[in-house]
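Residues per chain are reported as follows:
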Amino acid sequence: MTTRQSGSQPVRIEQDVVLARQLARKVASDCGMRLVDLTKLVTAVSELARNTVVYGGGGDMDWEVIEEAGRVGLRLVFRDEGPGIADVKLALTDGWTSGGGLGLGLTGARRLVDEFELDTAPGQGTRVTITRWT
Ligand SMILES: Nc1ncnc2c1ncn2[C@@H]1O[C@H](COP(=O)(O)OP(=O)(O)OP(=O)(O)O)[C@@H](O)[C@H]1O
Ligand SMILES: [Mg+2]
């Protein structure tokens, strides 16, 4: 796997969610992602970036245009140093929320991308890595 381009976007406040969306849209579009795939990716970005702000107490979105076996994709990492998630299985259950949400953010995001990875533990923060291939 090779990295063609990379960068990072702070995700600290609600307005950063908009910036993260715009950045993901631009990078995905520049690497030739089709509109339908791009829209799915941006929807996932909204959900994950919002979780970073609301539950993670703010963090960053690292982005990377990657190339592997002749295909190009966009890989995004949402990371924070917040409280982490005690029960990952529960958090990945449709409709489960610890707050007043719908509990559809993580599960929805997972369905919208090609690869989804959640690394978290209580007191260890949260890291969600998603990849969408073009
Ligand atoms: N970055 C994070 N740090 C800590 N806990 C998190 C983080 N992201 C998600 N969670 C936990 O996982 C739960 C499920 O997240 P999910 O996004 O699926 O639903 P939600 O945010 O509660 O509701 P919504 O459907 O509005 O997104 C959250 O309620 C929260 O407890
Ligand atoms: Mg959410």
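Per chain, residues are indexed from 1 in the order of the written sequence. Going through the entries in the order they are written, you letter the chains from A and number the ligands from 1. Per-residue local features are limited, in this predicted model, to residues with pLDDT of at least 70; the limit for side-chain atom pairs, both in listing and counting, is 80 or more; totals at the level of whole chains, interfaces and linings are taken over all residues. Side-chain measures here rest on the full set of heavy atoms in the structure, leaving out hydrogens and waters.

Secondary structure elements are taken from DSSP: a helix is a run of H or I of four residues or more, a strand is a run of E of two residues or more, and numbering for both begins at the N terminus. Summarising the element assignment, Thr120 is placed in strand β4 (residues 115-120). The exposure class of Thr120 is buried, given its relative accessible area of 18%. A 3.5 Å cut-off defines polar contacts: any pair of N or O atoms within that distance qualifies, except that in protein one atom must be a possible hydrogen donor and the other a possible acceptor, and neighbouring residues in sequence count only when both atoms are side-chain atoms. Polar side-chain contacts of Thr120 include one of 2.9 Å to the backbone oxygen of Gly125. A distance of 3.0 Å separates polar atoms of two side chains, one belonging to Thr120 and the other to Thr126. Contacts: residue pairs with any heavy atoms within 4.5 Å of one another. Residues in contact with Thr120, not counting those within four places in the same chain, are Gly84, Ile85, Val88, Gly125 and Thr126. Summary of the burial criterion: residues with accessible area below 20% of their type's maximum are buried, those above 50% are exposed, and those between are partly exposed, where the area comes from a 1.4 Å probe applied to protein chains only.

Another point: unusual backbone geometry. At Ala69, a position not held by glycine, the phi torsion is positive, near 50°. Overall, the relative accessible area of 82% leaves Ala69 in the exposed class.

Residue types Ala, Val, Leu, Ile, Met, Phe, Trp, Tyr and Cys, when buried and joined through side-chain atoms within 4.5 Å, form a set referred to as a nonpolar core. Ranked by size, the top nonpolar core spans 33 residues in total, and within it Leu41, Leu74, Leu76, Phe78, Phe116 and Ile130 carry the most contacts. Secondary structure elements with two or more residues in this core: α1 (14-30), α2 (35-54), β2 (59-68), β3 (71-80), α4 (105-112), β4 and β5 (126-133). Top contributing element to this core by residue count: α2, with 8 residues. When neighbours within four sequence positions are excluded, Phe78 is seen to be in contact with Val45, Leu48, Ala49, Thr52, Asp60, Met61, Thr126, Arg127, Val128 and Ile130.

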